[in-house]
Amino acid sequence: MLRRLTATLLCLLCFHFVQAYEPSPQERQNAQATALQYIEHLNAGEYREAYDMHSELLNQRMDYERFAKSQAAFSDNSGKSLSDTLVGANWQLDPAKAPAEGFYVEYEFACEYQNVTPCEQTLVLYSELGERFSVMRHSRSYVNTQTGKRTGRFIAKPGNFSRL
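Residues numbered from 1 in each chain as written. Predicted model: local features only at pLDDT ≥ 70, side-chain atom pairs only at ≥ 80, totals over all residues. Heavy atoms only, no water.

Considering the packing of aromatic side chains
Summed over the entire model, instances satisfying the criterion amount to six aromatic pairs. Centroid distance Phe74 to Tyr113: 5.1 Å. Interplanar angle 90°. Geometry classified as edge-to-face. Within this pair, whereas Phe74 is found in helix α5 (residues 64–78), its partner Tyr113 is found in strand β3 (residues 103–113), the two being separated by 39 residues in sequence. Tyr113 matches Phe74 in its accessibility class, with the two residues each being buried. Seen in terms of ring centroids, Tyr107 and Phe109 are 6.4 Å apart; in terms of plane orientation they differ by 45°. Their pairing is tilted. Take Tyr107 and Phe109: they sit in the same class, and that class is buried. Its guanidinium or amino end placed over the ring of Tyr64, Arg48 lies 3.8 Å from that ring's centre, counting from NZ or CZ. Above the ring of Phe74, the side-chain terminus of Arg140 is found at 3.8 Å from the ring centroid. (Phe/Tyr/Trp six-rings, centres within 6.5 Å; stacked < 30°, edge-to-face > 60°. Helix = DSSP H or I, 4+ residues; strand = E, 2+ residues; numbered from the N terminus. Buried < 20%, exposed > 50% of the residue type's maximum accessible area, 1.4 Å probe, protein only. Lys NZ or Arg CZ within 6 Å of the ring centre and 35° of its normal.)

Structure follows, in structure tokens:
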């Protein structure tokens, strides 16, 4: 009984600190356009353009040279991008343990490359009220079809917050 009460109180406490957020149609459109543009830049090898879409916090944790090198290595191993399909989005306002207060949207993409399938990408965007969206985190998880090994290539994960 005490365990059940403790678990219920923890759930209520967590719910209080993590607020789901219902974005306006304009916010949805702006965020989705940002996410798709970022993925397009990566697939086209336009690493400077993608890097410039990062949040200041993300760029503090990874300089451009390291970012471009990791992206080029992924591109060399994965081959050409065949598809990127937006699977879902999860919006939150001021999640607990987030590196900054503001709006966050986590996009899940199913992706396919010549040498990598299945592939999943997670892209977290961040915006302060009224500001443009920037990339706060990007990660990939995939199976290399040449080696059969599952791999996760994480670009960066600023802060210490759980999935949004």
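Read on for the rest.
Things to note about the pattern of salt bridges
Considering all chains together, one arrives at three salt bridges under this definition. Residue Glu22 is joined to Arg28 by a salt bridge in which the shortest nitrogen-to-oxygen separation is 2.7 Å. The class of Glu22 is exposed, set by a relative accessible area of 59%. The partly exposed category is assigned to Arg28, whose relative accessible area is 37%. Salt-bridge contacts for Arg48 lead to Asp52; the nearest nitrogen and oxygen are separated by 3.8 Å. (Salt bridge = Lys/Arg side-chain N within 4 Å of Asp/Glu carboxyl O.)

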